[in-house]
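Coordinate inspection notes
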Amino acid sequence: MSGAVLVAVAAAIGNLLQGWDNATIAGSILYIKREFQLQSEPTVEGLIVAMSLIGATVVTTCSGALSDLLGRRPMLIISSMLYFVSSLVMLWSPNVYILLFARLLDGLGIGLAVTLVPLYISETAPSEIRGLLNTLPQFTGSAGMFFSYCMVFGMSLMKAPSWRIMLGVLSIPSLIYFALTLLFLPESPRWLVSKGRMLEAKKVLQRLRGREDVSGEMALLVEGLGVGGDTAIEDYIIGPANELADEEDPSREKDQIKLYGPEQGQSWVARPVAGPNSVGLVSRKGSMANPSSLVDPLVTLFGSVHEKLPETGSTLFPHFGSMFSVGGNQPRNEDWDEESLAREGDDYVSDAGDSDDNLQSPLISRQTTSLDKDIPPHAHSNLASMRQGSLLHGNSGEPTGSTGIGGGWQLAWKWSEREGPDGKKEGGFKRIYLHQDGGSGSRRGSVVSLPGGDLPTDSEVVQAAALVSQPALYNEDLMRQRPVGPAMIHPSETIAKGPSWSDLFEPGVKHALIVGVGMQILQQFSGINGVLYYTPQILEQAGVGYLLSSLGLGSTSSSFLISAVTTLLMLPCIAIAMRLMDISGRRTLLLSTIPVLIAALLILVLGSLVDLGSTANASISTISVIVYFCFFVMGFGPIPNILCAEIFPTRVRGLCIAICALTFWICDIIVTYTLPVMLNSVGLAGVFGIYAVVCFIAWVFVFLKVPETKGMPLEVIIEFFSVGAKQFDDAKHN
């Protein structure tokens, strides 16, 4: 996992630059006002601070579409260049107008980084540590603020502090960021797969995961290209065919489903479990079938997933990847690249040519079973060449790969037939996401890996929760073009097309947008960015000068020092959040930290209204602000961006994140631009009282609407949103 960690750290430097800029402008604005004589013009003062937000808002409107078109990496490179150029222009600024232009350029870089870094990390990180890695931007952002406040504090002790140097120093870390984005960061494998660039995606995944076999995750990335789908939640009993045989009722064997995957191995089958599913419409916490319930049914559905599934994210079987193929003569798992074409025999004619960019490129080698009756005759056109390949390599002793896709989830396919409109039977492969049920009914043995296949030494039958849907990999159009098994061909152009506005109205996507946009609005109106930009002035108004007057520091330097100490205290709090993000989960952290924010704000209000003396009032204000910051960065700070990067399908992820980011920046502009006016009109008590009310509304929203997504692969999260939203709509209409 070290590759994914290093890539996430490098990408998160973009947020370090944002934090550096936020703190620097908060300190330098005090000196900018003096040089340009803006004391009587609070509007221009607010505009200097807010101009970067305007730039971020402008670039966000097109950042999603551009990242979908050009890729995530080129946009991060452009972001680093904008940081560098803007810092040099700010260093030179001879007047307010040039400074405003430089702040606009700076905002363009900030907008790209803040929007795309969480998206990039989510698309490259393993699901088990995705929350931890996606909290890194919050950590690096706070670290940037700390270093910047230290610099500003040191310069404030000089006889003639230079705000130009304060702002121009940003050029140094921005150059480092430029070098990392250009020379070290790979392109997102999900974006590469969406463009049909399979060889590149495979190499990037191998680098990120530190292993050669990434076939299961490659299949997952292609399966994630669809938007929505007809998905059902089912329960299966999975085990060897002989373990599931029913001697008393042999007729039950017809209900067994043979599972297919890219690996060779022993015969494994699944049998649907009758009755209500373990992850279904009804859980201990509520009923999906009750649309009048205040708690969103999706929250209940995701909650039931984490109730029933093991917290450790254990896999179904130790060697689950080799359990799918059925029969004695098993085909070898070919590579996911063009080189496999040369080994598939002369019977197969590919449209792919020599370029892996062709959208018809084979992904996994053709797979079948020695039980020809399991697959319809039209799916056997290349059976001879497939078996030839398997006979050559079947007993090579090469280690088998895994269809594990993260978080204990596995990817498989089953053959399904139905009666078409013309009365004829038509079939296709259905995708299955499987996870072992953590209930007491499961029983496990052990599997010993032997050359040529895996053989069970003990009884092994488990119960598994399953999400079953029509895959992106195998649809009716592809079936007519080339009748083969699952996970073998990249989706056609109709599947791999770019995002469409109509996709936003698919029930799962629409539901996810409500969660993402709602979180961004409430996060901003809780006041955090307004407080960050004006922390020195807020603390100066609160009277922190009284606390440090014995050290001989002026009120301005004192406020910078307190700001630096505050951001330093935030770092261990973020480190704790990084540890808990994939253990306790996003929802739990939000529900436990937001009440602390409310309490800190209310104490600050009381401290402002009741005169306890200068020292007491300043102490209360300072402690309240510090507590507010520390608990904000543990939950409400990073989690909205993490959720927005997790809950949207790959094909519309850039577009949806752009919508959420646009909401973020518009609300940020409103809060930042109005804060000086609010401080003058209602004072600290009124401002923080309003923020306390917003935080309470945010807690209610999280409790009712925000599901838990820890440890789940992105494609599984999306699938749950889709099935949950559609089932809820059906229940509401019925």
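Starting afresh in each chain, residues are numbered from 1 along the sequence in its written order. Whole-chain, interface and lining totals are the exception, using all residues; otherwise, since this is a predicted model, local features are given only for residues with pLDDT of at least 70 and side-chain atom pairs are given and counted only at 80 or more. Calculated side-chain values reflect all of the structure's heavy atoms, with hydrogen atoms and water omitted.

**Some words on the overall build of the protein**
- Helix numbers and strand numbers start at the N terminus; a helix is a DSSP run of H or I with at least 4 residues, a strand a run of E with at least 2. Scanning the protein for helices and strands turns up 26 helices and eleven strands.
- Of all 734 residues assigned to the protein, the portion counted as buried reaches 61%.
- Partitioning the intrachain contacts of the protein with sequence separation of at least 6 by distance along the chain shows that 80% fall at a separation of at least 24.
- Approximately 27,200 Å² of the protein is accessible, and the part contributed by carbon and sulfur atoms is 62%. Exposure categories follow from relative accessible area, calculated using a 1.4 Å probe and restricted to protein chains: below 20% of the type maximum is buried, above 50% is exposed, and the middle band is partly exposed. By definition, residues are in contact when any of their heavy atoms lie within 4.5 Å. All accessible-area figures derive from a Shrake-Rupley calculation using a 1.4 Å probe, and residue coverage is judged against the displayed protein chains alone.

**Focus on a nonpolar patch on the surface**
- Patch criteria: residues need more than 30% relative accessible area and no salt bridge. Like-charged residues are merged within 9 Å; nonpolar side chains of Val, Leu, Ile, Met, Phe, Trp and Tyr are merged within 5 Å. The working definition used for a salt bridge is a side-chain nitrogen of Lys or Arg within 4 Å of a carboxyl oxygen of Asp or Glu. A surface patch of nonpolar side chains, about 350 Å² in accessible area, is lined by Val-693, Phe-696, Ile-697 and Val-700.
- Tracing the sequence through the fold places Val-693 in helix 25 (residues 683–705).

**Thoughts on the confidence of the model for the protein**
- On a range of 0 to 100, pLDDT expresses the predictor's confidence in each residue. Considering every residue of the protein, the mean pLDDT works out to 74; 68% of them sit at 70 or more.
- In this model residues 439–459 is a low-confidence stretch, pLDDT under 50, and it forms 46 contacts with partners more than four residues away in sequence or in other chains.

**Side note on the packing of aromatic side chains**
- Two rings from Phe, Tyr or Trp (for Trp, the six-membered ring) form a pair when their centres sit within 6.5 Å of each other. Planes less than 30 degrees apart are called stacked, planes more than 60 degrees apart edge-to-face, and all others tilted. This model, assessed by the stated rule, comprises twelve aromatic pairs.
- Each ring, one from Phe-664 and one from Trp-665, has its centre 4.7 Å from the other, and the planes form 90 degrees; the classification is edge-to-face.
- According to the relative accessible area criterion, Phe-664 is buried, its value standing at 8%.
- Each residue in the set Phe-302, Trp-409, Phe-720 and Phe-721 is aromatic and connected to the rest through ring pairs, giving one cluster.
- Working rule: Lys NZ or Arg CZ, within 6 Å of ring centre, within 35 degrees of ring normal, means a charge sits over the ring. Between the NZ or CZ atom of Arg-207 and the centre of the ring of Phe-184, over which it lies, the distance is 4.9 Å.

**A short note on helix 24 (residues 650–681)**
- With 32 residues, helix 24 extends 46 Å between its outermost C-alpha atoms, agreeing within 8% with the 46 Å of an ideal straight helix rising 1.5 Å per residue.
- Along helix 24, the helix axis deviates most sharply at Leu-675, where the bend reaches about 45 degrees; the proline Pro-676 sits within four residues downstream.
- In the segment just after helix 24, Gly-683 is the residue with positive phi, at about 75 degrees. Expected span of a helix, by definition, is 1.5 Å for each gap between consecutive residues, and there is one gap fewer than residues. Across the chain, bend at a residue is computed as the angle between axes fitted to the seven residues ending at that point and the seven starting from it.

**What to know about the pattern of salt bridges**
- Inspection of the entire model under this criterion finds 16 salt bridges.
- Between Arg-72 and Asp-68 there is a salt bridge, with its nearest N and O atoms 2.9 Å apart.
- Of the residues examined, Arg-72 reaches a relative accessible area of 1% and is grouped as buried.
- For Asp-68, a relative accessible area of 9% gives the class buried.
- Of the charged contacts, one joins Glu-217 and Arg-209 as a salt bridge, the two residues approaching to 2.7 Å between their closest N and O atoms.
- On the accessibility criterion, Glu-217 (9% relative accessible area) is buried.

**Some words on the environment of Phe-703**
- Along the chain, Phe-703 turns up in helix 25.
- Taking the C-alpha atoms as reference points, Phe-703 and Asp-296, 407 residues apart in sequence, are found 8.8 Å from one another.
- Once residues lying within four places of it in the same chain are set aside, the contact partners of Phe-703 are Val-295, Val-299, Arg-587 and Leu-591.

**Topic: the nonpolar core**
- The biggest cluster of nonpolar side chains holds 154 residues, and the ones touching the most others in it are Ile-32, Phe-636, Phe-648 and Phe-720.
- With 13 residues, helix 5 (residues 96–124) is the largest single contributor of residues to this core.
- Apart from the residues lying within four places of it in its own chain, the contact partners of Ile-32 are Ile-25, Gln-37, Leu-38, Ile-48, Leu-99, Trp-163 and Leu-167. What makes a nonpolar core is a set of buried Ala, Val, Leu, Ile, Met, Phe, Trp, Tyr and Cys residues whose side-chain atoms join them at distances within 4.5 Å.

**Observations regarding helix 2 (residues 13–36)**
- With 24 residues, helix 2 should reach 34 Å at 1.5 Å per residue; the first-to-last C-alpha distance of 32 Å fits that figure.
- Of all the bends in helix 2, the greatest measures close to 40 degrees and is centred on Ser-28.

**A short note on the packing of helix 1 (residues 2–11) against helix 5**
- With axes taken as lines fitted to C-alpha atoms, and helix axes fitted only over the stretch in contact, angles between N-to-C directions fall between 0 and 180 degrees. Two elements in contact, helix 1 and helix 5, have axes separated by 10 Å at closest approach and are oriented at 175 degrees. Relative to helix 5, the element helix 1 is oriented roughly antiparallel. For the pair helix 1 and helix 5, contact is made by Ala-4, Val-7, Ala-8 and Ala-11 and by Val-117, Tyr-120, Ile-121 and Thr-124, respectively. In this scheme, roughly parallel covers angles under 35 degrees and roughly antiparallel covers those over 145, while 65 to 115 is roughly perpendicular and the rest are oblique.

**What about the pairing of strand 11 (residues 462–469)?**
- Judged by how many residues are buried, strand 11 sits mostly within the fold: eight of eight residues are covered.
- Residues Val-462, Ala-464, Ala-466 and Val-468 point to one face of strand 11 and Gln-463, Ala-465, Leu-467 and Ser-469 to the other, with burial holding for every one of them.
- When strand 1 (residues 232–240) meets strand 11, the two strands line up antiparallel, connected through seven bridges. Each bridged residue has a counterpart across the sheet, and for Glu-234 the counterpart in strand 11 is Ala-466. The pairing criterion is simple: DSSP has to find at least two bridges between the two strands.

**Focus: the environment of Ile-257**
- By secondary structure assignment, the location of Ile-257 is in strand 2 (residues 257–258).
- Sequence spacing of Ile-257 and Ala-270 is 13 residues, and the spatial spacing of their C-alpha atoms is 5.0 Å.
- With sequence-adjacent residues up to four places away left out, Ile-257 is seen in contact with Tyr-236, Val-269, Ala-270, Pro-272 and Lys-414.

**Observations concerning the side chain of Asp-21**
- Examined against the element boundaries, Asp-21 turns out to sit in helix 2.
- A relative accessible area of 2% places Asp-21 in the buried class.
- Identification of polar contacts relies on pairs of N or O atoms within 3.5 Å, with a donor-acceptor requirement for protein atoms, meaning one able to donate a hydrogen and the other able to accept it, and with residues adjacent in sequence counted only if both atoms are side-chain atoms. At 2.8 Å, the side chain of Asp-21 and the side chain of Arg-103 are in polar contact.

**Considerations on the packing of helix 21 (residues 586–609) against helix 25**
- Where helix 21 contacts helix 25, the two axes come as close as 9 Å, and the packing angle between them is 160 degrees. When the axis of helix 21 is compared with that of helix 25, the two are roughly antiparallel. Classified by chirality, the crossing of helix 25 by helix 21 is left-handed.
- Asp, Glu, Lys and Arg are counted as charged, while Ala, Val, Leu, Ile, Met, Phe, Trp, Tyr, Cys and Pro are counted as nonpolar; the rest, among them Gly, fall into the polar class. In the contact of helix 21 with helix 25, the residues fall into 22 nonpolar, two polar and one charged. Should the near helix be turned anticlockwise from the far one by less than a right angle, the crossing is left-handed, and should it be turned clockwise, the crossing is right-handed.

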